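Here's the letter readout for the chains.
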Amino acid sequence: MKSNRLNYFILILLVMILGIVSRKISNIPLFIGDVLYAVLIYFGLRFLFINLKTYKTFLLSLLFCFGIEVLQLVQIGWLIAIRKTTLGHYILGEGFLWLDLLCYIIGTLIAFIIDWKFIKTQNLNSL
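First things first, this report covers the structure right here in the doc. These numbers were taken from a predicted model, which means no experiment stands behind them.

In this section: the environment of Leu59. Among the structural elements, Leu59 can be located in helix H3 (residues 54-71). For the pair Leu59 and Ile105, spaced 46 residues apart in the sequence, the C-alpha separation amounts to 10.0 Å.

Below, the structure is given as structure tokens:
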């Protein structure tokens, strides 16, 4: 079990680095960062809830990502102030885009497949 948690932690760090790099290099399309955001959320939930079934993690990840995206429609003063900070901008985003929802589906699906094919094969807690 600790081995799987370590795998998820390493993946989280790797995805965070890739996500930050994707925003710093101008030739990388912006949607890649949104896909990586969804991958990060999936592996973050796997790390926190190691015993949760993968399909439940998949659904929770999508729910979380979609929730953050819909929350971008809310324009409350304190929420706008948080979004203006660097960390708040990375976590909460800035404006609602329908394309982001597609990116979250793709990213979550990629993470789910990686988890199911490569990580969960070491554990009996599959699908």
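What follows deals with the layout of surface pockets. The computed volume of the largest pocket comes to approximately 710 Å³. Lining the largest pocket are 28 residues; nearest its centre among them are Arg23, Tyr37, His89, Tyr90 and Ile91. Among the secondary structure elements, those contributing two or more residues to the lining of the largest pocket are helix H1 (2-24), helix H2 (30-48), H3, helix H5 (86-92) and helix H6 (98-119). Of the residues forming the lining of the largest pocket, the biggest block, seven residues, is contributed by H2. Taken together, the residues that form the lining of the largest pocket break down as 16 nonpolar, seven polar and five charged.

Attention shifts here to the nonpolar core. Grouped together as the largest cluster of nonpolar side chains are 14 residues, with contacts concentrated most on Tyr8, Val39, Tyr42, Phe43, Phe58, Ala111 and Ile119. Going through the elements one at a time, H1, H2, H3 and H6 are the ones with two or more residues in this core. When neighbours within four sequence positions are excluded, Phe58 is seen to be in contact with Tyr42, Thr108, Leu109 and Phe112. Core analysis: the next-biggest nonpolar cluster, separate from the first, contains 10 residues, Tyr37, Ala38, Leu45 and Leu101 among them.

In this section: the pattern of salt bridges. Tallied over the full model, the rule gives two salt bridges. Among the salt bridges present, the one from Arg23 reaches Asp34, with a minimum N-O distance of 3.4 Å. Taken together, the positions of Arg23 in helix H1 and Asp34 in helix H2 put the pair 11 residues apart, joining distant regions of the chain. Of the residues examined, Arg23 reaches a relative accessible area of 35% and is grouped as partly exposed. We note a salt bridge from Asp115 to Arg46, for which the minimum N-O separation is 2.9 Å. Of this pair, Asp115 sits in helix H6 while Arg46 sits in helix H2, placing them 69 residues apart in sequence. Each of the two residues, Asp115 as well as Arg46, counts as buried.

With respect to the element layout, Glu69 can be found in helix H3. Within the buried core, Glu69 has no salt-bridge partner, and the shortest N-O distance to an opposite charge, that of Arg23, equals 8.9 Å.

Reading the values: rules and limits
- Residues numbered from 1 in each chain as written.
- Predicted model: local features only at pLDDT ≥ 70, side-chain atom pairs only at ≥ 80, totals over all residues.
- Heavy atoms only, no water.
- Helix = DSSP H or I, 4+ residues; strand = E, 2+ residues; numbered from the N terminus.
- 1 Å grid on protein atoms, 1.4 Å probe; cavity = no way out; pocket = protein on both sides within 12 Å on 5 of 7 lines; lining within 4 Å.
- Points joined across faces, edges and corners; volume = space filled by probe spheres on them.
- Nonpolar A, V, L, I, M, F, W, Y, C, P; charged D, E, K, R; others polar.
- Core = buried A, V, L, I, M, F, W, Y, C linked by side-chain atoms within 4.5 Å.
- Buried < 20%, exposed > 50% of the residue type's maximum accessible area, 1.4 Å probe, protein only.
- Contact = heavy atoms within 4.5 Å.
- Salt bridge = Lys/Arg side-chain N within 4 Å of Asp/Glu carboxyl O.
- Lys, Arg positive; Asp, Glu negative; His and termini not counted.

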